[in-house]
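What follows is each chain in one-letter form.
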Amino acid sequence: MNLTLINNKFNEKFGATGEMFTSPGRINLIGEHTDYNGGFVFPGAIDKGMVAEIKLNGTDKVRAYSVDLNDYAEFGLNEEDAPSQSWARYIFGVCREIQKRGGKIAGFDTAFSGDVPLGAGMSSSAALESTFANALNELFSLGIDRFELARIGQSTEHNYCGVKCGIMDQFASVFGKAGHLMRLDCRSMEFEYFPFDPEQHGYKLVLLDSVVKHELVGSPYNDRRASCERVAAVLGREFLRGATMEDLEAVREKISEEDYKRARYVIGEEQRVLDVCEALKRDDYETVGKRMYETHWGMSRDYEVSCEELDFLATVAEECGVAGSRIMGGGFGGCTINLVRTELYDNFIATAKAKFAAKYGHEPKVYSVVISDGARRL
Ligand code: GLA
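Analysis parameters
Residues numbered from 1 in each chain as written. Predicted model: local features only at pLDDT ≥ 70, side-chain atom pairs only at ≥ 80, totals over all residues. Heavy atoms only, no water. Near = heavy atom within 4 Å. Polar contact = N/O pair within 3.5 Å; in protein donor to acceptor, adjacent residues only side chain to side chain. Areas by Shrake-Rupley, 256 points an atom, 1.4 Å probe, with all protein chains shown as cover. Nonpolar A, V, L, I, M, F, W, Y, C, P; charged D, E, K, R; others polar. Domains from an automatic or database assignment. Contact = heavy atoms within 4.5 Å. Buried area = accessible area lost by both parts, 1.4 Å probe. Salt bridge = Lys/Arg side-chain N within 4 Å of Asp/Glu carboxyl O. Helix = DSSP H or I, 4+ residues; strand = E, 2+ residues; numbered from the N terminus.

Considerations on the site of the ligand
Here's step 1: Taken together, the neighbourhood of the ligand is formed by R26, E32, H33, D35, Y36, C165, G166, M168, D169, Y221, G329 and G330.
Here's step 2: Between the ligand and the protein, one listed contact pairs an oxygen atom with a side-chain N or O atom of Y221 at 2.6 Å.
Here's step 3: A distance of 3.4 Å is found between an oxygen atom of the ligand and a backbone nitrogen or oxygen belonging to G330.
Here's step 4: Bound to the protein, the ligand loses 96% of the 310 Å² it would expose on its own.
Here's step 5: When its residues are assigned to classes, the shell around the ligand shows four nonpolar, four polar and four charged.
Here's step 6: When residues of the shell around the ligand are assigned to domains, at least three fall in each of domain 1 (3-195) and domain 2 (198-368).

Structural data, given as structure tokens:
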């Protein structure tokens, strides 16, 4: 990330120097659309994120400059002051959610920039929210604990950005630890760090970005969540978490075929996360990979959040002998995450690029993954 560029822009706009904060995007090895069902997720923070320079300005206004969009917004801190630009609403939302929790904040100047590819399913928005939640917590000595910082980001999505997301992305962005994935139980909020070093075992983790843009705002994402909640209600449970396939079969006549398929995917996914964690403890990466494919096809056929391009990439991976491949994140475009034996890596990347370009007219983008630390001051 180009910190000098941010420093220069901040100085140019505000004639001063501020303090630097950063938060990462995330990957998720497995456990997709399980977070808002009270289930398990298994993400890790990555070496791509958001960086913001911030300085208190002694007013009650926020003056924010997006270096990447070359766009400027100025807004107050009251509910009626919401800015019109969608990027600025993430910052505004974080300010509002902090205040709703009793945090006393005031105006600040900021310039920020990120290197998380937008719309690729790596949670650029959570990176932005966590950067500001963490920074304001420190700058105003608010003493908010780290789980609450993650919830502030999540509530920002719910209340200011229109996405009824779970907690995974913000959790990963705040709690990330270099070299570790985190298994979070989204019902109890207990979590455990798992050392994760596939290279040591002869595998590489790589993301292939279809460059099909996904847009979760006002999207079928909220519909998926609603389906799960309807089925949970019929089952008399708070969450789908903990329901079995037998439970689901028993109510099949009472729910729509579509809701049935959505719930079938989620219940299967719960078990897959646990299987993957067990397999990792035995360094059994082939089993990890098998579960990833199952997730992919579950997300494609039952949850219906994949798209033709991502199904194509997963199929090419399978043909190349890749251990595991699946759509990552909320869906509707974005990346596949691939677990590849080192000796197959070069051939897989070359084949995927060539086949994808032949069919869709452009190559997928390739991102290698480094599991990194969470929200922090630089
Ligand atoms: C998005 C949401 C997360 C989670 C994933 C799917 O990234 O923000 O809360 O639901 O989709 O696993």
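Re the domain arrangement of the protein
Here's step 1: Its domain assignment divides the protein into domain 1 (3-195) and domain 2 (198-368).
Here's step 2: Each of domain 1 and domain 2 has a C-alpha centre, and these two points are 25 Å apart.
Here's step 3: At the junction of the two partners, domain 1 supplies 34 residues and domain 2 supplies 45 residues.
Here's step 4: Carbon and sulfur atoms supply 63% of the area buried between domain 1 and domain 2, which totals about 3,400 Å² over both sides.
Here's step 5: Here domain 1 and domain 2 share two salt bridges between them.
Here's step 6: The partner of R241 in a salt bridge is D185, and the shortest N-O contact between them spans 2.8 Å.
Here's step 7: Summed over the shared surface of domain 1 and domain 2, the result is 19 residue pairs in polar contact (both at pLDDT 80 or more).
Here's step 8: If you list the elements that add at least two residues to the side of domain 1 that touches domain 2, you get β1 (19-28), α4 (146-161) and β7 (180-185).
Here's step 9: Looking at the side of domain 1 that touches domain 2 element by element, the count peaks at three residues for β1.
Here's step 10: Classifying every residue of the side of domain 1 that touches domain 2 by side-chain character gives 14 nonpolar, twelve polar and eight charged.

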